[in-house]
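As a plain string of letters, each chain reads:
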Amino acid sequence: ATNHAATKSYVDSTAGGGVGAGTSGQTLRHNGTSWVANSNLYNNGTNVGIGTTGPGAKLQVETNLDSLNYGLLLKNKIGTETGGNAVGLGFVLEASSGNQVKSGIVQERLASYGRGSMHFLVNNLADGSSASLVDAKMTINSVGNVGIGTTAPTYKLDVSGTGRFTQPVIVGTP
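These numbers come from a predicted model, not from an experiment. (Residues numbered from 1 in each chain as written. Predicted model: local features only at pLDDT ≥ 70, side-chain atom pairs only at ≥ 80, totals over all residues. Heavy atoms only, no water.)

1. Observations regarding the overall build of the protein
Using the following cut-off: Only DSSP runs of H or I reaching four residues or more are called helices, and only runs of E reaching two or more are called strands; each is numbered from the N terminus. A 1.4 Å probe rolled over the protein chains alone gives each residue an accessible area, and that area as a share of the maximum for its type sets the label: buried under 20%, exposed over 50%, partly exposed in between. In this analysis, two residues are considered to be in contact whenever any of their non-hydrogen atoms come within 4.5 Å of each other. The method behind every accessible area is Shrake-Rupley, applied with a 1.4 Å probe, and residues are considered shielded solely by the protein chains displayed.
Across its full length, the protein carries one helix and 11 strands. The N-to-C order of helical and strand elements in the protein reads α-β-β-β-β-β-β-β-β-β-β-β. By the burial criterion, 18% of the 174 residues in the protein qualify as buried. Taking as baseline every contact in the protein between residues at least 6 positions apart, the subset at least 24 positions apart corresponds to 14%. About 12,800 Å² of surface is accessible on the protein, with carbon and sulfur atoms providing 56% of the total.

2. Focus: the environment of Thr46
You can see Thr46 is positioned in the loop between strand E3 (41-43) and strand E4 (48-50). Residues Thr46 and Leu59 lie 13 residues apart in sequence; the distance between their C-alpha atoms is 9.5 Å.

3. Points about the sheet that holds strand E11 (residues 157-159)
Quick note on the threshold: Criterion used throughout: strands pair if DSSP finds at least two bridges between them. Axis angles are defined between N-to-C directions and span 0 to 180 degrees, where every axis is a line fitted to C-alpha atoms and, for a helix, only to the segment in contact.
The sheet built from six strands is open, its strands ordered E6-E7-E8-E9-E10-E11 with mixed pairing. The outermost strands of the open sheet, each flanked by one partner alone, are strand E6 (85-91) and E11. Averaged over all neighbouring strand pairs, the angle between strand axes comes to 20 degrees, with direction disregarded. As defined by bridge partners, strand E8 (residues 116-122) adjoins strand E9 (residues 136-140) across four bridges and the pair is classed as antiparallel. In the strand pairing of E9, Phe120 is matched with Met138.

4. Looking at the side chain of Gln26
Filter applied, for reference: Definition of a polar contact: a pair of N or O atoms within 3.5 Å, with one able to donate and the other able to accept a hydrogen when the atoms are protein atoms, and with sequence-neighbouring residues admitted only if both atoms are side-chain atoms.
Along the chain, the position of Gln26 falls in the loop between helix H1 (4-15) and strand E1 (29-30). We classify Gln26 as buried; its relative accessible area is 14%. A distance of 2.9 Å separates a polar side-chain atom of Gln26 from the backbone oxygen of Ser39. There is a polar contact of 3.5 Å between the side chain of Gln26 and the side chain of Tyr42. The contact partners of Gln26, leaving out residues within four places of it in the chain, are Ala37, Asn38, Ser39, Leu41 and Tyr42.

5. Notes on the side chain of Thr139
Following the sequence through the fold, Thr139 ends up in strand E9. A distance of 2.8 Å separates polar atoms of two side chains, one belonging to Thr139 and the other to His119. Leaving out residues up to four positions away in the same chain, Thr139 has contacts with Ser117, Met118, His119, Asn145, Val146, Gly147, Thr150, Thr151 and Pro153.

6. Points about the sheet that holds strand E5 (residues 59-61)
Spatial ordering of the open sheet is given by E3-E4-E5, a layout of three strands whose pairing is mixed. Unpaired on one side and paired on the other, E3 and E5 mark the two borders of the sheet. The sheet shows a mean angle of 15 degrees between the axes of neighbouring strands, direction not considered. As paired strands, E4 and E5 are joined by three bridges and run parallel to one another. Counted as the bridge partner of Val48 is Leu59 from E5.

7. Some points on the pairing of E9
Bridge count for E9 against strand E10 (residues 146-148) is three bridges, and the pairing is antiparallel. The residue of E10 that forms the bridge with Thr139 is Gly147. Between the end of E9 and the start of E10, which pair antiparallel, lie five residues, with Gly144 showing a positive phi angle near 95 degrees.

8. A short note on unusual backbone geometry
At Tyr113, a position not held by glycine, the phi torsion is positive, near 60 degrees. You can see Tyr113 is positioned in the loop between strand E7 (103-109) and E8. By relative accessible area, Tyr113 is classed as exposed at 80%.

9. A short note on the environment of Ile148
Along the chain, the position of Ile148 falls in strand E10. C-alpha separation for the pair Ile148 and Ala136, spaced 12 residues apart in sequence, amounts to 8.8 Å. Ile148 has contacts with Lys137, Met138, Leu157, Asp158, Val159 and Ser160, leaving out every residue within four places of it along the chain.

In structure tokens, the structure reads:
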């Protein structure tokens, strides 16, 4: 018969000690000496929570700060100031095994310190291609100008194409 106490002792000594008490679903981490259960990362078997023990979605991030707080940071460490490098969120709605990103929200670096434009991308091609910067339908540049149909807006609202308004448009004096 296997001696379970001896097995546990061997595993504890090999893996860096025993595992302490924690909260149900809490993720273990190694602190350099032993395994500890003091993280803010929880897994209930279906959802993952950061800062919450009861995640209600595939990923739920919570903070308790009374100021601007970025619950999620996306960083592209490779980038030049000439454009073409971007980071953002991609959306895939595909029942099969495909992973075509057909829409997204991305930040394109165009200047130093990560300055650039925010693009809303939509790729409407019925093929296996994913959205890219050429699929930008709306852009907000670093000075706050909004472009629809243009990635280089020069006015607060710069529309390339026709527009439709169902109510009167009020135009102020320049």
